[in-house]
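Chain by chain, the residues:
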Amino acid sequence: MTQSDSSNYILQARSDKFHWEGTGQLSIKTFMNGRAFYKTSRGYFSVEEGRYLLVNDGPYTITIEEDRQVESFCIFFKKGFAEDIYRALGDSPDQLITDPFKGCGPIEFFEKTYDITPSIARQIQLTQRFHTYPKDNWCEEQYHIVMENLLTSHFHHLKRTESIHAVKHSTREEIYRRITIAHEYIRAYYHHALTLDDIAMVACLSQNHLIRTYSQLYGRTPHRHISELRIEKAKRLLKDPDLSITAITFELGFQNPVSFSKMFKQFVGCSPTLYRKKVILEKN
């Protein structure tokens, strides 16, 4: 697809079971009432409510397997659109006046999930509310504003790469991308029996390099992050009295209830059973 035959557009749908694979434009993916799994050339991603996935141009797959209808709202950007706005934000007024239509090199965003900030949420809500109206200048302006927000976030993450110990800027960026791959893989599959070797292989880093740089960027080791995500989900599941402790154990990827109970008590300070009783008492 060339720049001339691509366009900015919105895709909105509902589904509880869905699978698609193909090649798409630069886009952001948001979901409500459930989550979706993506696989790209960069890694594996789980996208749930409150976060968005930014995907660069290229092939990817999406899978939804939920018990209820998941609402998706995705914004696609035409080829060259991000580069035009990147130049408008980065070049001086003199440069923009001298050559207003000068192109710039391709931008590769950090392919990862991001928190939906208040500004992004506001723009998504506006675009979602009015995208079915006839296309006009106002609609086109919204794509510009959303992209400006995405680029502002991109600049922030580029700055984060400066804390990585490497001489070349390109090396720092690549290490950051690989650590991001590990981070997203953990977020997508923390409820599976992940090993350090699995995560290192996905990120194409040695185990020691992974642990050191992951801790530097995220303030915790991969193992600690997996444990925190499991405990967070365990607390949500324990609020459902119909779910047995055994069922929760296996859903979180533990081998047996004893292992689950031991880790839960280590992080929370009480057993899963006692925590459930406290939640029920507070609710009543």
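Predicted model, so just to flag it, every value in this text is computed and none were measured.

Participant: Describe in detail the overall build of the protein chain, supporting the description with residues and values.
Facilitator: For the protein chain, the count of helices and strands is 11 helices and 7 strands. Buried residues in the protein chain amount to 42% of all 284 residues. Sequence separation of at least 24 residues holds for 71% of the intrachain contacts in the protein chain that already meet a minimum separation of 6.

Participant: Explain the environment of phenylalanine 37 to me, and be specific about the residues and the numbers.
Facilitator: For phenylalanine 37, the location among the structural elements is in strand S3 (residues 35-40). Between the C-alpha atoms of phenylalanine 37 and glutamate 65, which are 28 residues apart in sequence, the distance is 8.8 Å.

Participant: Before we move on, could you go through unusual backbone geometry and cite the residues and values that matter?
Facilitator: In this model, asparagine 33 sits at a positive phi of 70 degrees, which is unusual for a non-glycine residue. Within the element layout of this structure, asparagine 33 appears in the loop between strand S2 (27-32) and S3. For asparagine 33, a relative accessible area of 25% translates into the label partly exposed. Notably, cysteine 204 is not glycine yet its phi reads approximately 55 degrees, a positive angle.

Participant: I'd love a proper account of the packing of helix H5 (residues 169-189) against helix H6 (residues 196-203), names of residues and values included.
Facilitator: Contact geometry of H5 with H6 gives a least axis separation of 8 Å together with a crossing angle of 135 degrees. In terms of orientation, H5 and H6 fall into the oblique class. As H5 packs across H6, the resulting crossing turns out to be right-handed. For the pair formed by H5 and H6, the contact residues are Arg178, Ile181, Ala182, Tyr185 and Ile186 on the first element and Asp198, Ile199, Val202 and Ala203 on the second. Partitioned by chemical class, the residues of the contact of H5 with H6 number 7 nonpolar, no polar and 2 charged.

Participant: Hey, could you go over the nonpolar core for me, with residue numbers and the actual values?
Facilitator: Core analysis: the biggest nonpolar cluster contains 42 residues, and Leu54, Phe77, Phe109, Met147, Leu150, Ile179 and Leu210 have the highest contact counts within it. Not counting residues up to four positions away in its chain, the partners in contact with leucine 210 are Ile179, Ala182, Leu196, Ile199, Ala200, Leu205 and Pro222.

Participant: So what's going on with the pairing of S3? Which residues, and what values?
Facilitator: Pairing analysis gives 5 bridges linking S3 to strand S4 (residues 44-48), with the strands arranged antiparallel. When the bridges of S4 are listed, lysine 39 appears paired with tyrosine 44. If you look at the hairpin formed by S3 and S4, you'll find 3 residues sitting between the two strands.

Participant: Quick one: what's the story with the pattern of salt bridges, residue by residue and with numbers?
Facilitator: In the structure shown here, the tally under the stated rule is 13 salt bridges. For the salt bridge of arginine 224 with glutamate 228, the shortest nitrogen-to-oxygen distance reads 3.2 Å. Of this pair, arginine 224 and glutamate 228 both sit in helix H8 (residues 222-238), 4 residues apart, which is roughly one turn of the helix. What makes glutamate 228 partly exposed here is its relative accessible area of 27%. Arginine 236 is the partner of glutamate 232 in a salt bridge, and the nearest nitrogen-oxygen pair spans 3.6 Å. In this pair, glutamate 232 and arginine 236 both sit in helix H8, 4 residues apart, roughly one turn of the helix. In the salt-bridge network here, residues are joined through shared partners; they are Arg42, Glu108, Glu174 and Arg178.

Participant: So what's going on with a nonpolar patch on the surface? Residues and values would help.
Facilitator: A cluster of nonpolar side chains, Tyr86, Leu89 and Phe155, forms an exposed patch at the surface whose accessible area comes to about 240 Å². Structurally, the position occupied by phenylalanine 155 is in helix H4 (residues 137-160).

Calculation criteria
Residues numbered from 1 in each chain as written. Predicted model: local features only at pLDDT ≥ 70, side-chain atom pairs only at ≥ 80, totals over all residues. Heavy atoms only, no water. Helix = DSSP H or I, 4+ residues; strand = E, 2+ residues; numbered from the N terminus. Buried < 20%, exposed > 50% of the residue type's maximum accessible area, 1.4 Å probe, protein only. Contact = heavy atoms within 4.5 Å. Axes fitted to C-alpha atoms, helices over the stretch in contact; angles between N-to-C directions. Parallel < 35°, antiparallel > 145°, perpendicular 65-115°, else oblique. Left-handed = near helix turned anticlockwise from the far one by under 90°. Nonpolar A, V, L, I, M, F, W, Y, C, P; charged D, E, K, R; others polar. Core = buried A, V, L, I, M, F, W, Y, C linked by side-chain atoms within 4.5 Å. Pairing = 2+ DSSP bridges. Salt bridge = Lys/Arg side-chain N within 4 Å of Asp/Glu carboxyl O. Patch = residues over 30% accessible without salt bridge, like charges linked within 9 Å, V, L, I, M, F, W, Y side chains within 5 Å. Areas by Shrake-Rupley, 256 points an atom, 1.4 Å probe, with all protein chains shown as cover.

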